[in-house]
Structure formats: C-alpha cells, structure tokens
Amino acid sequence: MSDLKHTAVLGAGVIGASWTALFLASGYSVSVFDVSDSAETQVRKYVENAWPVLKDLGLAKNGNPDRVSFHKSATKAVDGAQFIQESVPERLPIKHELYATIEPAITPEAVVATSASGLTLTEMQAGWKDPSRFVLGHPFNPPHLIPLVEVKGNERTGHGVIETVERFYASAGKVTIRVNREVPGHVANRLQAAVWREAIHLVKTGVASVEDVDKAMWAGPGLRWAAMGPTMLFHLGAGEGGLAAFCERYTDSFNRWWDDLGVLHLEPELAKQLVSGIAQAADGQTPADLAAHRDGLITAMLKAIAPLRAN
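Cut-offs applied
Residues numbered from 1 in each chain as written. Predicted model: local features only at pLDDT ≥ 70, side-chain atom pairs only at ≥ 80, totals over all residues. Heavy atoms only, no water. Helix = DSSP H or I, 4+ residues; strand = E, 2+ residues; numbered from the N terminus. Rg over C-alpha atoms; globule rule 2.2 N^0.38 Å. Contact = heavy atoms within 4.5 Å. Areas by Shrake-Rupley, 256 points an atom, 1.4 Å probe, with all protein chains shown as cover. Lys, Arg positive; Asp, Glu negative; His and termini not counted. Charge placed at Lys NZ, Arg CZ, Asp CG, Glu CD. Polar contact = N/O pair within 3.5 Å; in protein donor to acceptor, adjacent residues only side chain to side chain. Salt bridge = Lys/Arg side-chain N within 4 Å of Asp/Glu carboxyl O. Pairing = 2+ DSSP bridges. Axes fitted to C-alpha atoms, helices over the stretch in contact; angles between N-to-C directions. Expected span 1.5 Å × (residues − 1). Bend = angle between axes of the 7 residues up to and from the residue. Buried < 20%, exposed > 50% of the residue type's maximum accessible area, 1.4 Å probe, protein only. Parallel < 35°, antiparallel > 145°, perpendicular 65-115°, else oblique. Nonpolar A, V, L, I, M, F, W, Y, C, P; charged D, E, K, R; others polar.

(A) Fine view of the overall build of the protein chain. Across its full length, the protein chain holds 13 helices and eight strands. A globule of 311 residues ought to have a C-alpha radius of gyration of about 19 Å, and the protein chain, at 21 Å, matches this closely. Dimensions of the protein chain along its principal axes, counting C-alpha atoms only, are 60 × 45 × 45 Å. Long-range pairs, those at least 24 residues apart, make up 70% of the contacts in the protein chain between residues at least 6 apart in sequence. Put simply, the protein chain shows about 17,400 Å² of open surface, and 57% of that area lies on carbon and sulfur atoms. On the protein chain, the mean spot of the 29 positive side-chain charges and the mean spot of the 34 negative ones are 4 Å from each other.

(B) Molecular detail of the side chain of serine 87. Mapped onto the elements of the fold, serine 87 is located in the loop between strand E4 (83–86) and helix H4 (92–102). At a separation of 2.8 Å, a polar atom in the side chain of serine 87 contacts the side chain of serine 115.

(C) Highlighting unusual backbone geometry. With an omega of -5°, the peptide bond running from asparagine 141 to proline 142 counts as cis. Relative to the helices and strands, proline 142 is located in the loop between strand E6 (134–139) and strand E7 (148–152). The phi torsion at aspartate 283 lies on the positive side, around 55°, for a residue other than glycine. With respect to the element layout, aspartate 283 can be found in the loop between helix H12 (268–282) and helix H13 (287–309).

(D) Fine view of the pattern of salt bridges. According to the stated counting rule, one finds nine salt bridges in the structure shown. A salt bridge links glutamate 163 to arginine 178, with the nearest nitrogen and oxygen atoms 3.4 Å apart. Taken together, the residues span a long stretch of sequence, with glutamate 163 in helix H6 (residues 161–171) and arginine 178 in strand E8 (residues 175–178) at a distance of 15 residues. Salt bridges sharing partners connect three or more residues here, namely Glu163, Glu166 and Arg178.

(E) Broad picture of the sheet that holds strand E2 (residues 29–33). As summarised here, the arrangement of the eight strands in space is E3-E2-E1-E4-E5-E6-E7-E8, forming an open sheet in which the pairing is mixed. Taken across any chain shown, the strands that pair with only one partner, and hence form the sheet edges, are strand E3 (68–71) and E8. In this sheet, neighbouring strand axes are inclined to one another by 25° on average, regardless of whether the strands run parallel or antiparallel. Pairing between E7 and E8: four bridges, direction parallel. Its bridge partner lying in E8, valine 149 is registered against threonine 176.

(F) Molecular detail of helix H11 (residues 242–260). Between its first and last C-alpha, H11 extends 26 Å over 19 residues, near the 27 Å set by a 1.5 Å rise per residue. Of all the bends in H11, the greatest measures close to 65° and is centred on tyrosine 250. Three or more residues of H11 are buried, namely Gly242, Ala245, Phe246 and Phe254.

(G) Local environment of the packing of helix H7 (residues 188–204) against H12. Close contact between H7 and H12 brings their axes to 11 Å; oriented N to C, the two are set at 85°. Classified by the angle between their axes, H7 and H12 sit roughly perpendicular to one another. Note on element contacts: H12 touches H7 through Leu270, Gln273 and Leu274, opposite Trp196, Ile200, Val203 and Lys204. Classifying every residue of the contact of H7 with H12 by side-chain character gives five nonpolar, one polar and one charged.

Here is the structure:
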C-alpha cells in the first residue's frame, strides 16, 4: 500500500470527523459515510475548526481540506478506498450489519480498522466472512490531536496487515502500540479507568474536591506522564540504582497505598456528586469553551515536545 492515496471514514460523529480532518491533513482524499442529513455540515465545520491546529502542528503540509466527499451509502464510500476507518456506534448489530454491507464492495488490498473502545476484536470479527484485513485501530479523543492508536490483530488477521496499518498511522503522525492480548478496554482506557476510580474514591471519601483532585493530576504526575510512562519514571526515581532500588525502597509504601485504594461503582448518587463538583470547577464555562482550552493546551504541548521526540 505504498501508493495509498484514498481513504474512507465510516461514521461521522466526533471521532469520525476528527479522523477525517487528520487524513485530509495527511494528504489523503476521504470518503465519509453517515446516514445523518447533518453529517456533511458537521464534518466540514469540524475540519474547518481543526485545520489551523493541524497546520500549526505541521501535520497539514501536504493536505487539502476540500478532498472530501460524503455518502449515505457505505458501499459507495468504500469504493476504491485503500484504508477504511470505521467509527460507527459501538453496538454489535450495527457494526455487523455494516461489515456485511461493505465486505463485497471493498478492494482486495483494502484494510479496515475499527475505532471501537468497548468491544473486542473477536466480537466484531463475527460480522465478517473473512476478517483477515480487519483490525483494531483504537484512537484517543480527539484523534487529530492525541497521537496514540492501539492496534490489535489475532490469529485470523492476515500476514503483514498489522505492519501495514502501523505504517499508515505513522504516515499520519500517529504513535501506535500493539495490544497483545484481548481485554475489555484495551490498554490506555484501562489505565485511565484505574486513575479515575481512585480520583472518584478520593472525592467520595472527602479527601479532596473534584477540582483539587483534577488539579493534583495536571499539576503533578500528569506532567511527568506526558514525558514518560510511570514505570520509566519510577526507574528514574531512585537515582543510579534505577527501578531495582526504587522497588526495594518503596515496596512497603506502595503496598500500603494499593491496599487502601477504593473499590467502587459509578452509581447515580455518586455521579450527582461528581457533576456538582465539575460544575463548580467549570465556573460557568461551556463544554465548548473547555474543549477549546483543552485543545489549545494539547497543541502547545505537542509543539513544544515535537523536536525532543524527534531525537
């Protein structure tokens, strides 16, 4: 697929619109499928808003935001597409119906990647007669900004397909990891779910407010985690002795903390407490205001670290 020029995006929600912006910026043409009458307007607006950021990050040097077409027929959308990113709602009947529709229409060399976060590859493969060119390609929202994509195949995946997918995502500026074993939520969602569970526990038990727990993250370990992962950071946390010395020094402390971590479920009353806390923290700002602020911060960080990541 070294001559890959044309892509398709199936599903024009927030994730699909973000993928569309990124693929256009990366120099590909994009066919978008969605049954909604408002899909074209929404996606074009999303691309228009995302384009200055993509240019600022140097991701739109070869791109053209006008190389996009819109279709209410999935078979028309995938016609001639060499890479297809599927982001329709995460309900198996919807995905299986879509796969059955497009399978006879896709070209033999095309690869289909699903953005699914809550479904497993095995569950989704049941919608294909031949799933050899269907893989997991799970992004982090918004895909045009956050580099991570989690990639997974299995014994039913064709030879070389995972490598092809990884090369394609790299061409669009993405950072990929391989998920080696099937678990609900893949890798990154499980990490953030674990952190959020303890964040909620700290609020529920009165240790700190919603705002201060969030502040503890972005002003503390969140900064370090944006540079390196937790295990590498702890390797650096004990000086020359590295991770071995760190484990020896802090085993008792971590075991005590782990034993005291909360085990809870997100129940209605607890959700109300969180909603009230986030309303105070938002202080009248709309979700759109906050999202714009988030994207500005992420863009600034990505620009700052890009030269360092390249070395």
